[in-house]
Amino acid sequence: MKINVRHTILVLFSAVLFSCENEEIPSNTLFVKEISDPTFYKDLFEYENGYLVKFNRLFGERIETTTQFQYSGHQLSRVEIKRDQGLEQIIELSYGENGFRKEEKATTKQNGDITEIRVGLFSYKDGMIKSIKYSYEGVDHKATETVFEWINGNITQMDFYLIDGEYTYLTSSRTMTYDDKRNFSNQDIGFIYRVMSGEETIVSKNNVIEEFEDVGDLIINRGRYNFTYNNEGYPIGYIQTVGSQEYNPVQINYK
């Protein structure tokens, strides 16, 4: 049995994001409580007053990841991630006057010792994230930048750059296509941070149904997703296909 968990993460997860990153929660919102491949893994979500406060990822009976979310008013301010084998990450968020994220500081620890500090600085155009520039401490890692393109509230392209002094190099690009249904994340930015490899596409307006990555002359098929939906337009499951490989069906349940 085989499942590509990284691509599962990518599916999960506009001018106004659902916690707005500071907006009230619409009354007709459904909240995902479980995402699972019943033969392999299970993601569990807990809420208070409509806000995501805890996330667990289980493989069988083993809790592989536990994430706690803290808020200041309606804004997500701190995320604490603990994974097995002593790996931890603390993410601290600050916001600009427009209510959007301004800075993201991620401190990674192994067995209590800091191994890396990553600081992301956000810039916007017309209320949409235009780029995130990352700098690093504690590791020999050059600065990077991710640049976003949007269509109809969805991130359709991400370009990844390496910054080496006065020179900037494009290292890869990803392109995404979407369905026209509601994203199960409700565009809540907490879903970006529930594991350490989250991505901004998780809170696009709709759901990614196909993704390609361009690395130099190599085009990589990162997966296609065949969704099923409930009457409210939320996805209730999908099957991922990469090339000729079809993975186990994934179920999405709501409260």
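Throughout what follows, the structure given in this document is the object of discussion. (Residues numbered from 1 in each chain as written. Predicted model: local features only at pLDDT ≥ 70, side-chain atom pairs only at ≥ 80, totals over all residues. Heavy atoms only, no water.)

1. Some points on unusual backbone geometry
The bulk of non-glycine residues show a negative phi, and the bulk of peptide bonds are trans.
Item 1. At Asn111, a residue that is not glycine, the phi angle is positive and equals roughly 55°.
Item 2. Within the secondary structure layout, Asn111 lies in the loop between strand E7 (101–110) and strand E8 (113–125).
Item 3. Looking at Asn111, the relative accessible area reads 58%, which means it is exposed.
Item 4. Unlike most non-glycine residues, Asn186 shows phi in positive territory, near 55°. (Helix = DSSP H or I, 4+ residues; strand = E, 2+ residues; numbered from the N terminus. Buried < 20%, exposed > 50% of the residue type's maximum accessible area, 1.4 Å probe, protein only.)

2. Considering the pairing of strand E2 (residues 41–48)
Item 1. Here E2 shows a clear split, with Tyr41, Asp43, Phe45 and Tyr47 buried on one side and none of Lys42, Leu44, Glu46 and Glu48 buried on the other.
Item 2. Two elements, strand E1 (residues 32–37) and E2, share four bridges in a ladder whose sense is antiparallel. By the bridge assignment, Glu34 is partnered in E2 with Leu44.
Item 3. Across eight bridges, E2 lies against strand E3 (residues 51–59) in antiparallel orientation. The partner of Tyr41 across the bridge, within E3, is Phe59. (Pairing = 2+ DSSP bridges.)

3. Regarding the pattern of salt bridges
Item 1. As enumerated under the stated definition, the model contains 13 salt bridges in all.
Item 2. When the shortest N-O distance is used, the salt bridge between Glu211 and Arg222 registers 3.5 Å. One end of the pair, Glu211, is in strand E13 (residues 208–215); the other, Arg222, is in strand E14 (residues 218–229), and 11 residues separate them in sequence. Here Glu211 and Arg222 have matching classes, each one buried.
Item 3. Between Arg222 and Glu213 there is a salt bridge, with the nearest N and O atoms lying 2.5 Å from each other.
Item 4. A relative accessible area of 9% means that Arg222 is categorised as buried.
Item 5. Each of the salt bridges in this network shares a partner with another, and the network as a whole consists of Arg174, Glu199, Glu211, Glu213 and Arg222. (Salt bridge = Lys/Arg side-chain N within 4 Å of Asp/Glu carboxyl O.)

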